Amino acid sequence: MGRILTVDDINVYYGSIHAIKGISFYVDEGEIVTLIGANGAGKSTTLNTISGLLRSKTGDIHFLDESIAKASAHSIVSKGLSMVPEGRRIFLRLTVEENLEMGAYTRPKSEIKESMDQAFELFPRLLERRKQIAGTLSGGEQQMLAMARAMMAHPKLIMLDEPSMGLAPIFVDHIFDIIKSLHKNGATILLVEQNAQAALSVASRAYVLETGSIVKTGSGKELMNDPVIKKAYLGA
Amino acid sequence: MDFYTLIAQIINGLQTGSVYALVALGYSMVYGIIMLLNFAHGDIIMVGAYVVYYSIASFALPPLLAVILAVIMCTILGVAIEKVAYTPLRSAPRLSLLITAIGISFLLENGAQLLFGADQKSMSPMVKGGFSMGSVGISYAAVVTIVVSVIAMTALTILVNKTKMGKAMRAVSEDMGAAQLMGISLNRTISFTFAIGSALAGIGSALYLCAYPQSSPTMGSMLGIKAFVAAVLGGIGSIPGAMIGGFAIGILEALVAAAHLSMWKDAVVFFVLIIVLLFKPTGILGKKIQEKV
């Protein structure tokens, strides 16, 4: 198993606010790694920095064999790193099918059809709605579309930012089932979640973020049984 | 006003309306993608008109070649303005961008005055003659203008709705951040939008000369503002809206002229703008701003 992503001592600022304070972690091929933490701990900021939408002042980010710390967001996608952003951010005025085509923007036209069929196999609900404007989908369907859209790029690593946010409990279970089946199919996943219970239950390894720093790390199981984590994040 | 005059005026209105629509498209597309009211857009038409004028008057090029040259020059100019003046302000407040656009507009107008002189340059019409249908006289210029505009707008509609670049333009105009996460290059997509808008302005400048065969350094400002009103009337950011708005303003002006109120033409157009802003600020086909969850 090779190392896919190495984040080495990144510091991110919003103006004078020091949002990420020197964090380092890694993701190996085939893992589900999760970052858990409270609102404002810096989880989304970390993902946005990896995907190139934000910049770190220090350190480095390695993806596969190269540094992506200074690469533009759109070029990072073509290297094989996709993100499902927080709040889904699907294109509400485009159809379901057009959203998926945008997901495959970096890929040759000849491969799109096959990937789209795979996406519809994984999310049959989207097949029924392929010609519909995405804004008419329900919240759960929009989350499925956001995930399917990211998969269209055939990423080597997929980052999911709060996929369960704002969804009804039944959809949360469904989304986590999908995460598990993606993983079974060989996907490597970096998952950010406030729903620590669900995230830890699927994670190979986890990092706990508090106000911009990593305060704890371990396997999903270890952290689930950690008394401090239980008290702070699992409501036990 | 009898029926035949009315028909003739409506055809006149469609002719000027076509030009407004082509120019309005440029405003609307640019606004849709970077939320900028590009007030230099009207002046690009002025530059296009001078290119046509000098190509024909000084270099005796055939009109079609002159028009193609104008389209190419407008496209290059539009993209150059975007790269030099607007790209560095991508994350600046929208007001800075607007003021820059006004500055570019002055630069182009005064630059044209310096280069070409402040006087009007008149040329002989590119499209002459006409025919009559019953008692309605129709000029070939009107036919050419309407046909060319309809072709250009159809091509644009296909481009925006069916091609990969067109879909990317719509994606960027809806959510720049998410578009980047798809691997879409903002720089390329935004430049492409300016290129298309400016090319349409180039076509618009040639068609404008079919109706009023003279160029002056400030010709773009009134034309630009009328087209801007058309874009707002149709719903700024909306492509079919810009087309409808352009034709509506053109026909409205023609009807005002037909009622022997030509002097009030501009006033009526701006009155319509005020009414639209008061009662339906999003315009005829304007999009409601989507709440982001």
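Structure shown above.
Right, let's walk through the structure included here.

Each value, and the rule that gives it
- Residues numbered from 1 in each chain as written.
- Chains lettered and ligands numbered in written order.
- Predicted model: local features only at pLDDT ≥ 70, side-chain atom pairs only at ≥ 80, totals over all residues.
- Heavy atoms only, no water.
- Helix = DSSP H or I, 4+ residues; strand = E, 2+ residues; numbered from the N terminus.
- Rg over C-alpha atoms; globule rule 2.2 N^0.38 Å.
- Contact = heavy atoms within 4.5 Å.
- Areas by Shrake-Rupley, 256 points an atom, 1.4 Å probe, with all protein chains shown as cover.
- Lys, Arg positive; Asp, Glu negative; His and termini not counted.
- Charge placed at Lys NZ, Arg CZ, Asp CG, Glu CD.
- Pairing = 2+ DSSP bridges.
- Expected span 1.5 Å × (residues − 1).
- Buried < 20%, exposed > 50% of the residue type's maximum accessible area, 1.4 Å probe, protein only.
- Patch = residues over 30% accessible without salt bridge, like charges linked within 9 Å, V, L, I, M, F, W, Y side chains within 5 Å.
- Salt bridge = Lys/Arg side-chain N within 4 Å of Asp/Glu carboxyl O.
- Core = buried A, V, L, I, M, F, W, Y, C linked by side-chain atoms within 4.5 Å.
- Polar contact = N/O pair within 3.5 Å; in protein donor to acceptor, adjacent residues only side chain to side chain.
- Axes fitted to C-alpha atoms, helices over the stretch in contact; angles between N-to-C directions.
- Parallel < 35°, antiparallel > 145°, perpendicular 65-115°, else oblique.
- Nonpolar A, V, L, I, M, F, W, Y, C, P; charged D, E, K, R; others polar.
- Phe/Tyr/Trp six-rings, centres within 6.5 Å; stacked < 30°, edge-to-face > 60°.
- Lys NZ or Arg CZ within 6 Å of the ring centre and 35° of its normal.

1. Section: the overall build of chain B
Part 1: Within chain B, the regular secondary structure consists of 11 helices and four strands.
Part 2: Relative to the globule expectation of 19 Å for 293 residues, the C-alpha radius of gyration of chain B, 19 Å, shows essentially globular dimensions.
Part 3: The C-alpha extent of chain B, read off along each of the three principal axes, is 60 × 45 × 35 Å.
Part 4: Contacts spanning at least 24 positions in sequence make up 75% of the contacts within chain B whose residues lie at least 6 apart.
Part 5: Looking at chain B as shown, the accessible area adds up to about 13,100 Å², and 72% of this sits on carbon and sulfur atoms.
Part 6: Averaged over its 16 positive side-chain charges, chain B has a centre that lies 11 Å from the centre of its 10 negative ones.

2. Description of the sheet that holds strand 4 (residues 60-63) of chain A
Residue and element names in this part refer to chain A.
Part 1: The four strands lie next to each other as 2-1-4-5, forming an open sheet whose pairing is antiparallel. Each of the sheet's edge strands pairs with one partner strand only, and the pair in question is strand 2 (17-28) and strand 5 (66-67).
Part 2: Of the pairings in the sheet, the one linking strand 1 (residues 3-14) to strand 4 comprises four bridges and is antiparallel in character. What sits directly across from Leu5, in strand 4, is Phe63.

3. Topic: helix 3 (residues 63-86) of chain B
Residues and elements named next belong to chain B.
Part 1: For helix 3, which comprises 24 residues, the first-to-last C-alpha distance of 33 Å matches the rise-based estimate of 34 Å (1.5 Å per residue) to within 8%.
Part 2: What helix 3 keeps buried is the set Ala66, Val67, Ala70, Val71, Cys74, Gly78, Ile81, Glu82, Ala85 and Tyr86.
Part 3: In this structure, the buried residues of helix 3 make contact with helix 2 (41-57), helix 4 (94-116) and helix 8 (186-211).

4. With respect to a nonpolar patch on the surface
All names here are of chain B.
Part 1: A cluster of nonpolar side chains, namely Phe131, Met133, Tyr140, Val143, Val147 and Ile151, defines an oily patch on the protein surface of about 540 Å² accessible area.
Part 2: Breaking the nonpolar patch down by element, the ones donating at least two residues are strand 2 (130-133) and helix 5 (140-162).
Part 3: By the secondary structure assignment, Phe131 is in strand 2.
Part 4: Classification of Phe131 by relative accessible area gives partly exposed; the value is 32%.

5. Brief notes about the nonpolar core
Part 1: Membership of the largest hydrophobic core comes to 114 residues, with the highest contact counts inside it found for Leu5, Phe25, Ile50 and Leu190 of chain A together with Tyr86 of chain B.
Part 2: In this structure, Tyr86 of chain B is in contact with Leu36, Asn38, Ala40, Ile81, Leu97, Thr100, Ala101, Ile104 and Phe194 of chain B, ignoring residues within four places of it in sequence.
Part 3: Counting residues in hydrophobic clusters, the runner-up holds 47 residues, among them Ile112, Leu167, Leu191 and Val208 of chain A.

6. Let's talk about the side chain of Glu82 of chain B
All names here are of chain B.
Part 1: Note on placement: Glu82 falls in helix 3.
Part 2: Glu82 gets classed as buried once you look at its relative accessible area, which sits at 1%.
Part 3: Polar contacts involving the side chain of Glu82 include one to the side chain of Ser191, which spans 2.8 Å.
Part 4: In contact with Glu82, other than residues within four places in its own chain, are Thr87, Arg90, Ile190, Ser191 and Phe194.

7. Comments concerning the pattern of salt bridges
Close approach of charged atoms allows side chains of opposite charge to pair.
Residues and elements named next belong to chain A.
Part 1: Under the defined criterion, the tally for this structure stands at 20 salt bridges over all chains.
Part 2: Across the salt bridge formed by Arg129 and Glu141, the nearest N and O atoms sit 2.9 Å from each other. Taken together, the residues span a long stretch of sequence, with Arg129 in the loop between helix 5 (124-128) and helix 6 (139-151) and Glu141 in helix 6 at a distance of 12 residues.

8. Let's talk about the packing of helix 5 of chain B against helix 8 of chain B
Residue and element names in this part refer to chain B.
Part 1: Contact geometry for helix 5 and helix 8: axes closest at 9 Å, N-to-C directions at 170°. Considering their axes alone, helix 5 and helix 8 lie roughly antiparallel with respect to each other. Side by side, helix 5 and helix 8 meet where Ala141, Thr145, Val148, Ser149, Ala152, Leu156 and Leu159 of the first sit next to Phe192, Ile196, Leu200, Ile203, Leu207 and Cys210 of the second.
Part 2: Considering only residue class, the contact of helix 5 with helix 8 consists of 11 nonpolar, two polar and no charged.

9. Thoughts on the environment of Lys70 of chain A
Residues and elements named next belong to chain A.
Part 1: Positionally, Lys70 belongs in the loop between strand 5 and helix 2 (73-78).
Part 2: Residue Lys70 is classed as exposed on the basis of its relative accessible area of 77%.
Part 3: In sequence terms Lys70 and Val208 are 138 residues apart; their C-alpha atoms lie 26 Å from each other.

10. Considering the packing of aromatic side chains
Describing an aromatic ring pair means giving the distance of the ring centres and the angle of the ring planes.
Part 1: Considering all chains together, one arrives at 12 aromatic pairs over all chains under this definition.
Part 2: Each ring, one from Tyr50 of chain B and one from Tyr54 of chain B, has its centre 6.3 Å from the other, and the planes form 20°; the classification is stacked. Separated by four residues within a single helix, Tyr50 of chain B and Tyr54 of chain B lie in helix 2, roughly one turn from each other.
Part 3: Linked through ring pairs, Tyr50, Tyr53, Tyr54 and Phe116 of chain B together constitute an aromatic cluster.
Part 4: Across from the ring centre of Tyr26 of chain A, 3.8 Å away, lies the NZ or CZ of Arg3 of chain A, which sits over that ring.
Part 5: Here the basic side chain of Lys57 of chain A rests over the ring of Tyr13 of chain A, its NZ or CZ set 4.7 Å away from the ring centre.

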